[in-house]
Amino acid sequence: MVRKLKHHEQKLLRKVDFVNYPSDATHRSAAVIRRYQLSNPADYASYNRLAGSLRHLAHRIALLPPESAFRRKHEDLLLEKLHDMGLLGVGGEGKGKLSDVERKITVSAFCRRRLGVVMTRLRMSETVSAANKFVEQGHVRVGTEVVTDTAFLVNRNMEDFVTWVDSSKIKRNIMKYRDKLDDFDLL
């Protein structure tokens with residue numbers, strides 16, 4: 001049992017909240033940064049800003065009348081763009097609905113499209129941190145371009161073109177393990 005605070009004590013503690021600390025808001029960012037191995041914490045802020053602006057745009061489109069041709073056109077454009085980027089419609093779903101933008105577009109959705117996370121999902125590495133090291137060392141290419149930036153976002157179309165660089169020792173070891181190493185490739 002706690003005694004009742006006196007007037008001057010109440011006045012001093014009026015602006016203090018012992019239940020909700022202001023630093024509690026950083027737990028989510030720290031968890032996402034740790035889970036997806038974001039090397040630059042500013043990436044979290046930019047993804048958060050992007051997700052917020054997309055949610056705001058979806059909300060503004062939802063305020064338009066449903067029979068409006070302008071609303072249908074821009075809703076389809078937004079949903080198609082987010083689907084092509086790989087942020088919506090994961091797991092065999094269609095392009096999604098406008099309400100999915102407000103619920104499913106998060107910082108984690110952007111982080112799941114980063115090159116290291118995509119490599120882990122494609123079983124090219126065991127962990128995201130190992131995949132990030134491979135990317136930084138120049139072992140990975142997307143299409144014909146060698147990528148050394150771990151913040152590279154892989155869209156749905158480019159996901160099939162994430163491979164090892166031809167001169168990579170990792171690719172050579174994988175080919176040797178599978179007994180598919182060609183001596184001509186060593187030249």
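Worth saying up front: this structure is predicted, and the values here are computed from it rather than measured. (Residues numbered from 1 in each chain as written. Predicted model: local features only at pLDDT ≥ 70, side-chain atom pairs only at ≥ 80, totals over all residues. Heavy atoms only, no water.)

Draft legend 1. A look at the overall build of the protein chain. A tally of regular secondary structure across the protein chain gives nine helices and three strands. Here the protein chain, with 187 residues, has 32% of them falling under the buried criterion. Within the protein chain, contacts between residues separated by at least 24 positions form 50% of all contacts whose residues are at least 6 apart in sequence. Here the protein chain has roughly 13200 Å² of accessible surface; of this, 55% comes from carbon and sulfur atoms. (Helix = DSSP H or I, 4+ residues; strand = E, 2+ residues; numbered from the N terminus. Buried < 20%, exposed > 50% of the residue type's maximum accessible area, 1.4 Å probe, protein only. Contact = heavy atoms within 4.5 Å. Areas by Shrake-Rupley, 256 points an atom, 1.4 Å probe, with all protein chains shown as cover.)

Draft legend 2. Fine view of the pattern of salt bridges. Taken as a whole and judged by the stated rule, the model has eight salt bridges. In this structure, Asp100 engages Arg103 in a salt bridge whose closest nitrogen and oxygen atoms are separated by 2.6 Å. With Asp100 and Arg103 both in helix H5 (residues 98–104) and three residues apart, this pair spans about one turn of that helix. A relative accessible area of 6% means that Asp100 is categorised as buried. The exposure class assigned to Arg103 is exposed, which follows from its relative accessible area of 54%. Each of Arg113, Arg121 and Glu159 takes part in salt bridges that share partners, so that together they form one network. (Salt bridge = Lys/Arg side-chain N within 4 Å of Asp/Glu carboxyl O.)

Draft legend 3. Main features of the sheet that holds strand E2 (residues 145–146). Overall, antiparallel pairing links the three strands, which are arranged E2-E1-E3 in an open sheet. At either end of the open sheet lies a strand with only one pairing partner, and these are E2 and strand E3 (162–164). By the bridge criterion, two bridges tie strand E1 (residues 140–142) to E2 in an arrangement that is antiparallel. Within the sheet, the bridge partner assigned to Val142 lies in E2 and is Glu145. (Pairing = 2+ DSSP bridges.)

Draft legend 4. Here's a closer look at helix H4 (residues 69–85). With 17 residues, H4 extends 24 Å between its outermost C-alpha atoms, agreeing within 8% with the 24 Å of an ideal straight helix rising 1.5 Å per residue. Along H4, the residues that are buried comprise Arg71, Glu75, Leu78, Leu79, Leu82 and His83. Angular distribution of buried residues about the axis of H4 spans 130°; they occupy a single face of the element. Within H4, the exposed residues directed more than 90 degrees away from the buried face are Ala69, Lys73 and Lys81. Residues of H4 that are buried in the fold lie against helix H3 (41–62) and H5. Capping the start of H4, Ser68 holds a side-chain oxygen 3.3 Å from the backbone nitrogen of Phe70, two or three residues further along. Looking at the residues trailing H4, positive phi occurs at Gly86, about 95°. (Expected span 1.5 Å × (residues − 1). Arc of directions from axis to C-beta. Polar contact = N/O pair within 3.5 Å; in protein donor to acceptor, adjacent residues only side chain to side chain.)

Draft legend 5. Seen up close, unusual backbone geometry. Of note in this structure, Gln37 is not a glycine but carries a positive phi near 55°. Examined against the element boundaries, Gln37 turns out to sit in the loop between helix H2 (26–35) and H3. Since its relative accessible area comes to 35%, Gln37 is described here as partly exposed. One non-glycine residue, Arg123, adopts positive backbone phi at about 65°. Considering the arrangement of structural elements, one finds Arg123 in the loop between helix H7 (115–121) and helix H8 (128–137).

Draft legend 6. Region of interest: the nonpolar core. Core analysis: the largest hydrophobic core is formed by 23 residues, its most contacted members being Leu78, Leu82, Val101, Ile105, Phe110 and Cys111. Listed by contribution, the elements that provide at least two residues to this core are H3, H4, H5 and helix H6 (107–111). Take this core: its biggest share by element is six residues, from H3. Beyond its immediate chain neighbours, meaning those up to four positions away, Ile105 contacts Ala51, Leu54, Arg55, Leu82, Leu87, Leu88, Asp100 and Phe110. One finds Val118, Met119, Val135 and Val140 within the second-largest nonpolar core, a separate group that totals 13 residues. (Core = buried A, V, L, I, M, F, W, Y, C linked by side-chain atoms within 4.5 Å.)

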